[in-house]
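If you want the building blocks of each chain, they are given just below.
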There are 6 protein chains.
Amino acid sequence: MNNFRMDNISWIDYERRVQSGAVVFLPIGATEQHGPHLPLGTDALLASAISEDVAKAIDGVVAPALSYGYKSQPKCGGGQHFCGTTSVDGATLIAMVRDAVREFHRHGVKRLVLVIGHYENQWFVTEGIELAMRDIGPGAELAVMRLEHWEFVKSQTLDKIFPDGFPGIALEHAAVIETSMMLHYHPQMVCLDQIPDHGPAEFPVYDMYPTRTEWVPATGVLSSALGSSADKGKLLVTDIISGIVQAVRFEFRLTP
Amino acid sequence: MNNFRMDNISWIDYERRVQSGAVVFLPIGATEQHGPHLPLGTDALLASAISEDVAKAIDGVVAPALSYGYKSQPKCGGGQHFCGTTSVDGATLIAMVRDAVREFHRHGVKRLVLVIGHYENQWFVTEGIELAMRDIGPGAELAVMRLEHWEFVKSQTLDKIFPDGFPGIALEHAAVIETSMMLHYHPQMVCLDQIPDHGPAEFPVYDMYPTRTEWVPATGVLSSALGSSADKGKLLVTDIISGIVQAVRFEFRLTP
Amino acid sequence: MNNFRMDNISWIDYERRVQSGAVVFLPIGATEQHGPHLPLGTDALLASAISEDVAKAIDGVVAPALSYGYKSQPKCGGGQHFCGTTSVDGATLIAMVRDAVREFHRHGVKRLVLVIGHYENQWFVTEGIELAMRDIGPGAELAVMRLEHWEFVKSQTLDKIFPDGFPGIALEHAAVIETSMMLHYHPQMVCLDQIPDHGPAEFPVYDMYPTRTEWVPATGVLSSALGSSADKGKLLVTDIISGIVQAVRFEFRLTP
Amino acid sequence: MNNFRMDNISWIDYERRVQSGAVVFLPIGATEQHGPHLPLGTDALLASAISEDVAKAIDGVVAPALSYGYKSQPKCGGGQHFCGTTSVDGATLIAMVRDAVREFHRHGVKRLVLVIGHYENQWFVTEGIELAMRDIGPGAELAVMRLEHWEFVKSQTLDKIFPDGFPGIALEHAAVIETSMMLHYHPQMVCLDQIPDHGPAEFPVYDMYPTRTEWVPATGVLSSALGSSADKGKLLVTDIISGIVQAVRFEFRLTP
Amino acid sequence: MNNFRMDNISWIDYERRVQSGAVVFLPIGATEQHGPHLPLGTDALLASAISEDVAKAIDGVVAPALSYGYKSQPKCGGGQHFCGTTSVDGATLIAMVRDAVREFHRHGVKRLVLVIGHYENQWFVTEGIELAMRDIGPGAELAVMRLEHWEFVKSQTLDKIFPDGFPGIALEHAAVIETSMMLHYHPQMVCLDQIPDHGPAEFPVYDMYPTRTEWVPATGVLSSALGSSADKGKLLVTDIISGIVQAVRFEFRLTP
Amino acid sequence: MNNFRMDNISWIDYERRVQSGAVVFLPIGATEQHGPHLPLGTDALLASAISEDVAKAIDGVVAPALSYGYKSQPKCGGGQHFCGTTSVDGATLIAMVRDAVREFHRHGVKRLVLVIGHYENQWFVTEGIELAMRDIGPGAELAVMRLEHWEFVKSQTLDKIFPDGFPGIALEHAAVIETSMMLHYHPQMVCLDQIPDHGPAEFPVYDMYPTRTEWVPATGVLSSALGSSADKGKLLVTDIISGIVQAVRFEFRLTP
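All of the points below concern the structure found in this document. Quantities reported herein were computed from a predicted structural model and do not represent experimental measurements.

We now examine the sheet that holds strand 3 (residues 111-116) of chain B. Spatial ordering of the open sheet is given by 2(B)-1(B)-3(B)-4(B)-5(C), a layout of 5 strands whose pairing is mixed. The two strands at the open ends of the sheet, each matched to only one other strand, are strand 2 (61-62) of chain B together with strand 5 (207-209) of chain C. Across 6 bridges, strand 3 of chain B lies against strand 4 (residues 143-148) of chain B in parallel orientation. If you follow V115(B) over to strand 4 of chain B, its bridge partner there is L147(B). Each of strand 1 (24-28), strand 3 and strand 4 of chain B together with strand 5 of chain C is contacted by helix 5 (residues 122-136) of chain B, which is oriented at about 175° to strand 4 of chain B, the strand it contacts most.

Right under this line is the structure:
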């Protein structure tokens, strides 16, 4: 049993940890196509796995992930026309986050980290936090950190993994970064032989609605995942875990 | 790898199953105190495990669970004053379910089963389905079944498990039924030695707000879980699985 | 004139009563088919009549009923396919109740009882109270009781009225209990010769959407109302009135 | 029994009437202070009584009134600081009306009249209708009339009742018009000896928030009700009934 | 540069003015047909121009106008069937106003004036203020004035402008008052030669939905604008400016 | 008079343009601190000016700007603690955009461009468009382009303007790009002598709530605007205008 997972421990164990100042992590993912080689749950699985690794390092607690995210956009997730992509309205995600933050505050949590694993979630999660903080009112002891885990990858690591130059996080949907991290955490869910071999998608700087599905490769992969490996995954994850641990310790004044 | 779980398979595998008429299951649980001996995730864990067993029997697909449910009420879940109980507003749960049903419809799913594992969820899930069906409009091919898994336990089984008489599902929060089923599915998460030994809670037929926390045992257990066993869990689960399988086959015209 | 009804008295009379600690009752009914022999307003009429009888006993005040309830479900009210059934969305009922509770609090009411006369209302009324109490904030002197009036019928009375065994409250829609109580309160609205003579409806333990209208008798009556009488109605009402009076006195510390 | 009231008849009677083209009336009132001499329910009582008189004349049906209206404003209803005034948010009233109109449409109602008895309701009722019509979509056979009953009083009648000049409908809250109409319909609820004897309230052309409660007479009466009589009430009601009957017949193409 | 406009000055200039007690004005208009001779922005343009003139007189600040208003109604704005009329739902306008008032309060503004230039906005603006004041809570120093600018025109002025009798503000949409005021403020946007020459629209005292577009002149002008002039505009504007200045000085205790 | 502005022309002129296929532009800005040297309206002013320049080039129409945007975030706009920054909730901006798009569709607009001038708006505008498109339904002829104007600046231009390297758009709040463009369009609103001379703000990759106001320079300027000039503004604007014109012509199949 993984006793860093909130859903695996009793309320009495949870309360004890909260009262001793434990940091609580809420992974926020999506159920979204990730090409023919990665599973639909990739975003929630990675956000959860990263949260657990960080929690282990600092004796934190990981709450159950929000598994459904904001609507997939063509330029970062392929778009809403894919079968399997299962998204919620902006208002729904805002409400989920607001309610969750409010509840953690009621528990007495003082250090809360929202770990986003789906690019499209960021602004609705931000609004959920803003509304919860307004409801909680000034003077509360709760501090919330919101992060996108891929932001903690160091530029040296990107240089190593992309010797020909990093194409940018926007095109990294179901590509080398996510595939390598899944090979690190959940290799049995990755079908390496299904990785499509086509060049990267090209997008204009604007968006069109109804979305132009012809802009998006039929596979759902925005740039090739060829060259992914568990080793690269480990490099990436190492940056992310150590980066988050450091940020959390610094902002929440934890003694290492 | 469990290939009945939607979050573990690629969108292409999922699409193939949906197009061949697979039944999709959405477990809807809660994060709620379940006494000192059961984990906070009990409701979502049981709804997910049952959904997977049913899916295996009929080649279905299980979507990621909704892990946060409607506010815990004193008489069926202990109430909102417990640390760890993490609930959402009625409007939030309604919206989550509405969005999810709408998305499964977009995928082409024709047979959808919402498996409720938390008593307080029922009416908000119902409204979520009602709103989604209104949005989808008449003439759609989607049919949705909503069920509470414990309703499938046969009376003969209850007679066996409760030879002195079944106290009623209302008081079964964190008691013999849930504990036995957790011993069947997740024995490593059950702390048998933490089961409190106190008589059942007694409630009037009405409710008071602010809730009367003194009505609820401090442990959060509404009637004793003593006497729980994996064997009893198996009996219960067997009824539930076979009952749901039969209902699903009948209503969705599946050939066994 | 009935001077226990809030809508029949002036604000000055109302204020005087509130300031002297009067209990305020809010009946919450529905406009819903009740078979060919009972009127569409049955749920609101019964909740109002019961509230008035209780108010007379303890010098309370009855606010105007909410006459439109949550969507009728096949297994407890026949379903939304009947002409005449006029229901509101869950969010609407939640908002109505939240607003009303907030206003009674502003008036200085300290003892408020919500009397539910429509089974489907319960959870949305609960959420309305929860939201109002959150808005009002901790420390307020308002206490709210929520009740379903039929819960106060004693088992001995059910034994008398159903010598062959009580079929359960679920099937009691437009059946012996409601018909007898209407014969007690509003005999001129009951058409005894219109009572249909068919066996009880049978429902599975799950629900289907779109609702299976073929599960529901075309009359809208879920089990026969034959054998209803004003005498039985009096028995039922006597239990209910005395039960509510006792509960209210106890919880609100009234001296009889 | 009044068989023009929807809540007093069975769904089968109601359906028969709707199918034969009956006009349905929905009274929309308020629970609001009306001075020391009129009851809190005045607005809903008058809207209901007028609706019933019109329904009798044209074989229509009157649905249960909405008894809670939009927030009372100082210049037309005294304001929200009075005890007993029980109002709902704009969004709540909008939702109530939208839901009701949608349901009447589902019943097959083609002629619906919303009878407003509370000045502050008008725009939120309008929005409720607008939203329902949008939901129903173009091409529906439902036509809705929205009216404020006092608008049907003829200027000759006003001249008779106010020989010194009509002070305007704005100040008629709890004054001669409402008091006279209540004396006509519900004389037992009017306390003539409680009518305050003070000059009319004077208001600037703008509004201030928080509301300036000092602008409003402490009695809640905006201009004196002295001189009210059942005879005047009959004059007013006669205009209103005949005016609405004529409008309804004309707009809905009824043959008298 | 017009340094009374909030959008033209820096936050530091704005803060200095707010801290010295400056009155802030928020014009609330519409984008709505105003006949063939007036521009679509008339309501926002007039509300803004008037706000600026008042601000100049008392050293106030004018915030950017809300340029989209509540749905145009046939009897006061022609209705929603006109091309160019661009309206928002009631809930949207309520939210815009609530958010704006909340923000001005956060800035430390103590004197806020909402200047309405579109008849249909009034009640939704009122609700927006009510909700903001509830959120802000009792004890705040913010006072808000809400006004419709045309209400400040003196009866003597109307007598001068309408020697044959004032037809009432209801029919003044795109007619003499608005046209004259636009000739005063924005003569280059008025096409005098496009003024239609038809008699006034006639409306019953009730409304019908779907709206009866045949009630409304095809031009969108409810009564003729012939006879409009910049001189009349100046007369009207003079009344309005001086009236608002006086009201603001009085209510906000400004020393002239 | 600028006859490319929708609010300056009559509905008949607007209708004629829409019917001939004109592209409609909706600028979406903010009211937000932009340092001591730029006005609070910068975002809406720039989005409007750019929209007008593009409209002139292709005979389009510019609708009135949305002048209030989503909440300012520390890392891109300084944050909500500044006086003068006047923001709306996410739900409010979503609703505004949804309503506007729906209305332009009703007008018969087939080519709509939303021009965003405030970084924080992007995702809420996206959701507003998504909701409007869902309401409008499939098969509609309306196509919507959403763009952030700064995305059209070419890399060669950035190289010219930032010979020492472009610090990234994130830090460009109230810095060289915005200041130069304001010097191009509205030089009289720029106070060059107020430009603060401090180094750029440094932010971690995560965010904290309550926001860490100490991360943000007290001036509100995220990186220095020194070196701004109207010439640089012209270079930037030229890229943006030509880029948008080209994109609009291409996507909407306009013949130049």
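Our next topic: the packing of helix 4 (residues 90-107) of chain C against helix 5 (residues 122-136) of chain C. Residue and element names in this part refer to chain C. Two elements in contact, helix 4 and helix 5, have axes separated by 7 Å at closest approach and are oriented at 45°. When the axis of helix 4 is compared with that of helix 5, the two are oblique. Taken as a pair, helix 4 and helix 5 cross one another with a handedness that is right-handed. Across the interface between the two elements, G90, L93, I94, V97, R98, V101, R102 and H105 from helix 4 touch F124, V125, E127, G128, I129, L131, A132, D135 and I136 from helix 5. Counted by class, the contact of helix 4 with helix 5 contains 10 nonpolar, 3 polar and 4 charged residues.

All names here are of chain A. A surface patch of nonpolar side chains, about 230 Å² in accessible area, is lined by Y119, F166 and I169. Along the chain, I169 falls in the loop between helix 6 (155-161) and helix 7 (176-185). For I169, a relative accessible area of 31% corresponds to the partly exposed category.

For the rest of this paragraph, the subject is the arrangement of the chains. Separated without contact, chain B and chain E have their nearest C-alpha atoms at a distance of 17 Å. There is no contact between chain C and chain F; across them, the least C-alpha separation is 17 Å.

With that settled, the discussion passes to the pattern of salt bridges. By the definition in use, this model includes 96 salt bridges over all chains. Residue R134(A) is joined to D89(F) by a salt bridge in which the shortest nitrogen-to-oxygen separation is 2.6 Å. Here the residue R134(A) occupies a position in helix 5 (residues 122-136), and D89(F) occupies one in the loop between helix 3 (74-77) and helix 4 (90-107), the pair thus bridging two chains. Taking the relative accessible area as the measure of exposure, R134(A) reaches 37% and is therefore partly exposed. Here D89(F) falls in the buried class, since its relative accessible area comes to 7%. In this structure, the salt-bridge partner of E127(D) is K71(E), at a minimum N-O distance of 2.9 Å. Of this pair, E127(D) sits in helix 5 (residues 122-136) while K71(E) is found in the loop between strand 2 (61-62) and helix 3 (74-77), placing the two residues in two different chains. The exposure classification of E127(D) matches that of K71(E), with both residues buried. By sharing partners, the salt bridges in this structure join K71(A), D89(A), R98(B), D99(B), R102(B), D135(B), E127(F) and R134(F) into a single network.

Residue and element names in this part refer to chain B. Here helix 5 contains 15 residues, and its C-alpha end-to-end distance of 21 Å stays within 8% of the 21 Å for a straight helix at 1.5 Å per residue. By the criterion of burial, helix 5 is predominantly enclosed, with 12 of the 15 residues buried. Taken together, the buried positions of helix 5 are W123, F124, V125, T126, E127, G128, I129, E130, L131, A132, M133 and I136. Of the residues trailing helix 5, G137 is marked for its positive phi of about 90°.

On to the sheet that holds strand 5 (residues 207-209) of chain F. Hydrogen bonds along the backbone pair up the strands of a sheet, which may run parallel or antiparallel. Taken together, 5 strands build an open sheet; the order of strands is 2(A)-1(A)-3(A)-4(A)-5(F) and the sheet is mixed. Because the sheet does not close on itself, it has two edges, and the strands there are strand 2 (61-62) of chain A together with strand 5 of chain F. Pairing between strand 1 (residues 24-28) of chain A and strand 2 of chain A: 2 bridges, direction parallel. In the strand pairing of strand 2 of chain A, V24(A) is matched with V61(A). Packing of helix 5 of chain A onto the sheet brings it into contact with strand 1, strand 3 (111-116) and strand 4 (143-148) of chain A together with strand 5 of chain F, and relative to strand 4 of chain A it is tilted by some 175°. Sitting on the sheet, helix 8 (residues 230-251) of chain A touches strand 1, strand 3 and strand 4 of chain A together with strand 5 of chain F, and the angle it makes with strand 4 of chain A is about 160°.

What follows covers the pairing of strand 4 (residues 143-148) of chain C. Residue and element names in this part refer to chain C. For strand 4, the buried fraction is high: 6 of the 6 residues fall into the buried class. Side chains A143, M145 and L147 project from strand 4 onto one buried face, and the interleaved V144, R146 and E148 project onto a second face that is buried too. Handedness of the crossover is the feature at issue here: the chain leaves strand 3 (residues 111-116), passes through helix 5, returns alongside strand 4, and the resulting connection is right-handed.

With that settled, consider helix 4 (residues 90-107) of chain A. The terminal C-alpha atoms of helix 4 of chain A, which comprises 18 residues, lie 26 Å apart, in line with the 26 Å expected from a rise of 1.5 Å per residue. The element helix 4 of chain A is extensively covered by neighbouring structure, given that 15 of its 18 residues are classed as buried.

Counting residues at the interface gives 51 residues for chain C, matched by 51 residues for chain D. Summed over both partners, the interface of chain C with chain D comes to about 3900 Å²; 62% of that surface belongs to carbon and sulfur atoms. The interface formed by chain C and chain D holds 4 salt bridges in total. Here R98(C) ties to D89(D) by a salt bridge, and the two come within 3.6 Å at their closest N and O atoms. Seen at the junction of chain C and chain D, the total is 28 residue pairs in polar contact (both at pLDDT 80 or more). Of all elements in the fold, only helix 1 (11-19) and helix 4 of chain C reach the threshold of two or more residues within the side of chain C that touches chain D. Sort the elements by how many residues they give to the side of chain C that touches chain D and helix 4 of chain C lands first, with 10 residues.

This part is about unusual backbone geometry. With an omega dihedral of -5°, the bond running from Y209(A) to P210(A) counts as a cis peptide bond. Considering the arrangement of structural elements, one finds P210(A) in the loop between strand 5 (207-209) and helix 8. For R253(D), which is not a glycine, the phi torsion comes out positive at approximately 55°. For R253(D), the position within the fold is in the segment after helix 8 (230-251). Residue R253(D) is classed as exposed on the basis of its relative accessible area, which comes to 60%. The phi torsion at D59(E) lies on the positive side, around 60°, for a residue other than glycine. Mapping D59(E) onto the fold places it in the loop between helix 2 (42-58) and strand 2.

Calculation rules
Residues numbered from 1 in each chain as written. Chains lettered and ligands numbered in written order. Predicted model: local features only at pLDDT ≥ 70, side-chain atom pairs only at ≥ 80, totals over all residues. Heavy atoms only, no water. Pairing = 2+ DSSP bridges. Helix = DSSP H or I, 4+ residues; strand = E, 2+ residues; numbered from the N terminus. Contact = heavy atoms within 4.5 Å. Axes fitted to C-alpha atoms, helices over the stretch in contact; angles between N-to-C directions. Parallel < 35°, antiparallel > 145°, perpendicular 65-115°, else oblique. Left-handed = near helix turned anticlockwise from the far one by under 90°. Nonpolar A, V, L, I, M, F, W, Y, C, P; charged D, E, K, R; others polar. Patch = residues over 30% accessible without salt bridge, like charges linked within 9 Å, V, L, I, M, F, W, Y side chains within 5 Å. Areas by Shrake-Rupley, 256 points an atom, 1.4 Å probe, with all protein chains shown as cover. Salt bridge = Lys/Arg side-chain N within 4 Å of Asp/Glu carboxyl O. Buried < 20%, exposed > 50% of the residue type's maximum accessible area, 1.4 Å probe, protein only. Expected span 1.5 Å × (residues − 1). Right-handed = clockwise from strand over helix to strand, strands pointing away. Buried area = accessible area lost by both parts, 1.4 Å probe. Polar contact = N/O pair within 3.5 Å; in protein donor to acceptor, adjacent residues only side chain to side chain.

That is the geometry; function is a separate question.
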